[in-house]
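# Topology and contacts: notes
Listed below are the residues making up each chain.
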Amino acid sequence: MCSGSGFDASCAQIVCCSAPFLKSRVKIYYKSVGRLAKMMSRDPDTFTEKDIEQAIRYLLPTSLFARDAMPSMKHPFEIYHTHLLEADNFTEDGKPKAAAFFTGSPEYFDLIYEMYQQQEQVKQMEAKKQSEDSLVYLHHASVDHGQLAENTTEHTRDIIDESEMDGEDFGEESPSVTTEMDSTAALALSNQLGPSRWLKKDEMSLKLAAQLSDQQYDVIIARLEDLLCMAGSVVVKDFLMGFRKEIPPSVQHGKERKLDKAGRAYSSGHRKCAVAQVWVTEGEGEGAIMINRQLLFDYFPKLDDRQQIMYPFLVVDGVGKFNVLCSVSGGGTTGQAGAIRHGISKALTCFSESYGPILEQAGLLTRDPRMVERKKPGQKKARKKFQWVKR
Amino acid sequence: CTIDTFIQSIKVYTMPLPRRQLRRVTFAKVVDFARCYVSAVPPRQRRQEVPIFQTQDSNPLNFGDRDLGKVYVTPRQAFAEVFPHGLRTAFMKEVQSCGQAGILIRKPALDIINQLKKQNRFDTSLKFIINGPDGCGKTLTLAHVIQYCRRANWLLVHIPSVFQWVYSKQEVRHSLHDPQTFDQPDEAIQWLRNFRTVNSSHLATLKTCGRYTWGKAEITKAGSPLGNIVDQGLQKPFYATDAIGVLLKELAQSRGHKILFAVDEFNGLFGPTSVRDPDKQTVRPVALPLYSLFPLFSLQLKLQSLNLVTHFQKLMNSLPSESSALVTALSRRGMFHNSSAGFGVRDLLPKWCLDNVKPYVSVRVEEYTEDEMTTVLDYYVHTKWLVSGYDHKRLIEIRFLAARKPLAVQQICATC
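Quick notes on the rules
Residues numbered from 1 in each chain as written. Chains lettered and ligands numbered in written order. Predicted model: local features only at pLDDT ≥ 70, side-chain atom pairs only at ≥ 80, totals over all residues. Heavy atoms only, no water. Helix = DSSP H or I, 4+ residues; strand = E, 2+ residues; numbered from the N terminus. Buried < 20%, exposed > 50% of the residue type's maximum accessible area, 1.4 Å probe, protein only. Contact = heavy atoms within 4.5 Å. Areas by Shrake-Rupley, 256 points an atom, 1.4 Å probe, with all protein chains shown as cover. Pairing = 2+ DSSP bridges. Salt bridge = Lys/Arg side-chain N within 4 Å of Asp/Glu carboxyl O. Axes fitted to C-alpha atoms, helices over the stretch in contact; angles between N-to-C directions. Polar contact = N/O pair within 3.5 Å; in protein donor to acceptor, adjacent residues only side chain to side chain. Patch = residues over 30% accessible without salt bridge, like charges linked within 9 Å, V, L, I, M, F, W, Y side chains within 5 Å. Parallel < 35°, antiparallel > 145°, perpendicular 65-115°, else oblique. Nonpolar A, V, L, I, M, F, W, Y, C, P; charged D, E, K, R; others polar. Left-handed = near helix turned anticlockwise from the far one by under 90°. Lys, Arg positive; Asp, Glu negative; His and termini not counted. Charge placed at Lys NZ, Arg CZ, Asp CG, Glu CD. pLDDT = per-residue confidence, 0-100. Expected span 1.5 Å × (residues − 1). 1 Å grid on protein atoms, 1.4 Å probe; cavity = no way out; pocket = protein on both sides within 12 Å on 5 of 7 lines; lining within 4 Å. Points joined across faces, edges and corners; volume = space filled by probe spheres on them. Phe/Tyr/Trp six-rings, centres within 6.5 Å; stacked < 30°, edge-to-face > 60°. Lys NZ or Arg CZ within 6 Å of the ring centre and 35° of its normal.

## Things to note about the overall build of chain A
Regarding its fold elements, chain A presents 14 helices and seven strands. Evaluated residue by residue, chain A yields a buried proportion of 32% over its 391 residues. Contacts spanning at least 24 positions in sequence make up 63% of the contacts within chain A whose residues lie at least 6 apart. For chain A, the accessible surface area stands at approximately 26300 Å², while carbon and sulfur atoms represent 53% of it.

## A word on the sheet that holds strand β3 (residues 265-271) of chain A
Residue and element names in this part refer to chain A. Sheet architecture is open: five strands sit in the order β3-β4-β7-β5-β6, paired in mixed fashion. The open sheet terminates on both sides in strands that have one partner only, identified here as β3 and β6 (294-295). Pairing geometry for β3 and strand β4 (residues 274-282), over seven bridges, is antiparallel. Directly across from G269, in β4, lies its bridge partner A276.

## Quick look at the pattern of salt bridges
Residue and element names in this part refer to chain A. Per the stated rule, a full pass over the model turns up 22 salt bridges over all chains. Among the ionic pairs, D51 bridges to R42, the shortest N-O distance being 3.0 Å. For R42, a relative accessible area of 37% puts it in the partly exposed group. Its salt-bridge partner being D368, residue R370 comes within 2.8 Å of it at the nearest N-O pair. A cluster of three or more residues bridged by salt bridges with shared partners is formed by R197, E203 and K245.

## Comments concerning the pairing of β3 of chain A
Where burial is concerned, the two faces of β3 of chain A differ: the one with A265, S267, G269 and R271 of chain A is buried and the one with Y266, S268 and H270 of chain A is not. Linking two consecutive strands that pair antiparallel, namely β3 of chain A and β4 of chain A, is a turn of two residues; a positive phi of about 55° is found at K272 of chain A within it.

## Re the sheet that holds strand β3 (residues 126-131) of chain B
All names here are of chain B. In space, the five strands of this open sheet follow the order β4-β9-β10-β3-β11, with parallel pairing throughout. Edge positions in the sheet fall to β4 (155-159) and β11 (361-364), since each has one partner strand and no second. Strand-to-strand, the axes of this sheet are offset by a mean angle of 15°, without reference to chain direction. As paired elements, β3 and strand β10 (residues 324-329) share five bridges and run parallel to each other. Bridge pairing in β10 links L126 to A325.

## Details of the pairing of β4 of chain B
Residue and element names in this part refer to chain B. Counting buried positions along β4 gives five out of five residues, so the element sits mostly inside the fold. What you see with β4 is no split at all: L155, V157 and I159 on one side and L156 and H158 on the other are buried throughout. Both β4 and strand β9 (residues 259-264) contribute to a ladder of five bridges, which runs parallel. Among the inter-strand pairings, H158 is bridged to a residue of β9, identified as A262.

## Re the side chain of T74 of chain B
All names here are of chain B. Among the secondary structure elements, T74 is positioned in strand β1 (residues 71-75). Looking at T74, the relative accessible area reads 10%, which means it is buried. Within the structure, the side chain of T74 is placed 3.5 Å from the side chain of Q147, a separation counted as a polar contact. T74 has contacts with F79, Q100, A101 and Q147, leaving out every residue within four places of it along the chain.

## Some words on a nonpolar patch on the surface
Together, M39, Y58, L59 and L60 of chain A make up an exposed nonpolar region whose accessible area comes to about 450 Å². Relative to the elements of secondary structure, L59 of chain A occurs in helix α3 (residues 49-59).

## Quick look at the packing of helix α12 (residues 303-316) of chain A against helix α13 (residues 333-348) of chain A
Residues and elements named next belong to chain A. The N-to-C vectors of α12 and α13 enclose an angle of 10°; their axes lie 9 Å apart at closest approach. Classified by the interaxial angle, the pair formed by α12 and α13 is roughly parallel. Contact with α12, carried on its side by D305, Q308, I309, Y311, P312 and F313, involves T333, T334, A337, I340, R341, I344, S345 and L348 of α13 and no other residues of that element. Within the contact of α12 with α13, the residues separate by chemical class into eight nonpolar, four polar and two charged.

## Observations concerning the packing of helix α11 (residues 226-235) of chain B against helix α12 (residues 240-253) of chain B
Residue and element names in this part refer to chain B. Packing of α11 against α12 leaves a shortest axis separation of 8 Å and a crossing angle of 160°. It follows that α11 is roughly antiparallel to α12 by the angle criterion. As for the relative orientation of α11 and α12, their crossing is left-handed in sense. Residues L226, I229, V230 and G233 of α11 form the contact with α12, whose own contacting residues are A240, A243, V246, L247, E250 and L251. Of the residues contributing to the contact of α11 with α12, the split by class is eight nonpolar, one polar and one charged.

## Overview of the environment of K321 of chain A
All names here are of chain A. Assignment of secondary structure puts K321 in the loop between α12 and β7 (322-329). Overall, the relative accessible area of 48% leaves K321 in the partly exposed class. Each residue touching K321, except ones within four places of it in the same chain, is listed here: T281, E282 and G283. Within the structure, K321 has its side chain in polar contact with the backbone oxygen of D317 (distance 3.4 Å).

## Thoughts on the side chain of T139 of chain B
All names here are of chain B. Counting through the fold element by element, T139 comes out in helix α7 (residues 138-151). Side chain to side chain, T139 and R88 meet in a polar contact 3.4 Å long. Once residues lying within four places of it in the same chain are set aside, the contact partners of T139 are L87, R88 and D264.

## So, a positive patch on the surface
Judged by side-chain charge, K23, K27, K31, R35 and K38 of chain A come together as a positively charged surface patch. One can find R35 of chain A in helix α2 (residues 20-39).

## Remarks on the confidence of the model for chain A
Residue and element names in this part refer to chain A. When the pLDDT values of chain A are averaged, the result is 79; 77% of them are 70 or greater. Taken element by element, chain A is modelled with least confidence in helix α6 (residues 157-161), mean pLDDT 36, and with most confidence in α13, mean pLDDT 96. Ignoring residues within four places in sequence, the model shows residues 1-17, a span with pLDDT below 50, making 12 contacts including any to other chains.

## What about α7 of chain B?
All names here are of chain B. Between its first and last C-alpha atoms α7 spans 20 Å; for 14 residues at 1.5 Å apiece the expected length is 20 Å, and the two agree. Counting buried positions over the 14 residues of α7 gives 11, a clear majority of the element. Looking only at α7, the buried set comprises K138, T139, T141, L142, A143, H144, V145, I146, Q147, Y148 and C149.

## Concerning unusual backbone geometry
Residues and elements named next belong to chain B. You will see that E265, though not glycine, has its phi angle at about 65°, which is positive. Its location among the elements puts E265 in the loop between β9 and α13 (288-293). One non-glycine residue, A403, lies in the positive phi region at around 50°. Position of A403 relative to the elements: it lies in the loop between α19 (392-402) and α20 (406-415).

## Remarks on empty space enclosed by the protein
Residues and elements named next belong to chain B. Counted by the stated rule, this structure contains four cavities of 30 Å³ or more. Forming the walls of the largest cavity are 13 residues, and the residues nearest its centre are V82, P84, H158, N194 and V198. Secondary structure elements with two or more residues in the lining of the largest cavity: β4 and α9 (185-198). Among the elements that line the lining of the largest cavity, the one with the most residues is α9, at four residues.

## Some remarks on the packing of aromatic side chains
Across all of its chains, the model carries 24 aromatic pairs over all chains by this definition. When the ring of Y108 of chain A is compared with that of F109 of chain A, the centres are 4.9 Å apart and the planes differ by 70°; the resulting orientation is edge-to-face. With relative accessibility at 37%, the residue F109 of chain A sits in the partly exposed group. With a centroid separation of 5.5 Å and 80° between ring planes, the pair formed by F270 of chain B and W352 of chain B is classed as edge-to-face. One end of the pair, F270 of chain B, is in the loop between β9 and α13; the other, W352 of chain B, is in helix α17 (residues 351-357), with 82 residues separating them in the sequence. Residue placement shows K207 of chain A over the ring face of F243 of chain A; its charged tip is 5.0 Å from the ring centre. Sitting over the ring of W198 of chain A, R244 of chain A keeps its end group 4.5 Å from the ring centre.

Structure, rendered in structure tokens:
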């Protein structure tokens, strides 16, 4: 904090570096601090920032709760960031060019306003489309809900031969025809935007060429999300893309996997204490699975374990198309099933380039890091405590 | 009797009425009256739309090779008449929820039935041992054969589950007939009751050969109907097991009547039991050939045996040849003290048993074929057992998870 004696010297330094605008501001500030100190019958030399704050609270009491709205007196350096003070930002008269200069963060508020303008554009588009659609809607008598009833009709041999029908995976329902425009539009838009994510805080700051606080960043993201969720947001796709960063197709972490001479893919899989060695080959007809020289059904009597092993093939749409030979040891039944699943997933990445991203998205390539938690002294087990006794 | 013939009979036999009364009694009223009276009679069989996978008629007598791979359906009531004890839990749940028992017609069952049809020409009695991997349909193959024999009016001696006797937790009593052996009154009574339900028509016609004394006073004379022995056992629980022994002895001596001896979980008759006697010792079933070969040893070995088991073991030795058949199904599931990885006849039955039962025919029941799989899934979709339907992808998934085993397929479809 500049003391009264060092005032002139530091002021001289500042005047050299920064805009003439700031010079007057700093002068005013120090004068005000002196006056305030005198009002409070205190020595201006020992008057700290905290004392300033207390003095203002005393002199200008307020029932407002928002800090931003309360009266305060801050050093101009704290209000005006250094990048704002470049000579280019000011006219010849010494007046700032940016309209929102005195907010302290003009880039942020300009962006907010721009988003508002984009929103207005989208709303106009929606209104226009609605008036067109209302004519079209009258022609359609009823919405076709045939897709919803698809799976409950009686089957005969003929229907089964159609390969157009999609199978269901473990009870997940195929997206049915709904009347919610938001979700489908957002879905469509996110498809157009491609696999991407919002810019992070530092990236956003770089883009705006301004320093953003955490709150400011959260506000921006929230408003961008709202814009994305609007029905007609296709219109502002370019604007939105400016704030999104593409996620590149995942690079495989770990070894690059290849098939060996016999056309087999080898990998190991781990889960808890179980370790599995897995060899996968492309099979003809029905795929065969052998585990420790036993058939899958004999080694895993539980349905859940078999489902776990089927899951990678399901994701890759290759159930029954691969032969698997594996040896597994350690752990228990579920751990071994998980280890085999991990091994199969890693091995499957060899067979096609497209399998890797799909398996990673499904979370199958990640080695599940959960292990048995250690027992702690003073407790019965890892988490269970001894019986609580009142006395 | 159809409604038409009934109405015609009314027309013939009603008296001529005076004119003024005739006006009140119109033909429609007569028809209505007839319908109320005849409601117990089933209406004329219309040609119903039967799905592809189902047989046209559900009479097991009429099935042939053209019905292979189809499902035949028995309504729940009719099924309970033939199997008052029920079959496997999983299958009975399906019968309960679908209201009917659908059994797939498969080659092993048809082979057995064809052999039974030809039996008149052979001297030796036919013995079949149905074996195969777990959960593949051995019990249901046996059930199919039993239903055929029921329709063909055979006498049915059916043990639905040997393990229920041999691993039971029920009370065990010293036999009144031979104090060194043990009776199981609860199981015996239940079996006799079921036997009576299933074979009520035969019990009146078959007569006893020998004369039997029950305790001190009661006597069953020679030539009395077999039903008397069954009733004797039902009324006096302490004699129930002895009644079974007598019944089987009589049946073994009978000639001319067609008898089917059907035993499920046949291997239970020859292994260790988990029954405890009142002194907390484990009771063992006795090995019969040793008994017959070494009468001296038998006095010691005869200690601690279950009579229910020994009665049926003796029966195996002395089946009436021309008119009976023994059809048994093995079961590895539910067998105690079993460390064999295999499920064939030699794995589950001891050698001395096989020597006794020779010559037998081993009938193997395996997993579903591709066609059988699709038929069964069609049937499950039809009865809403498989609620969410299936297509080609799903078929592959079910095939992967179930390894085409019938029981596993049923369980997976139930959860879909």
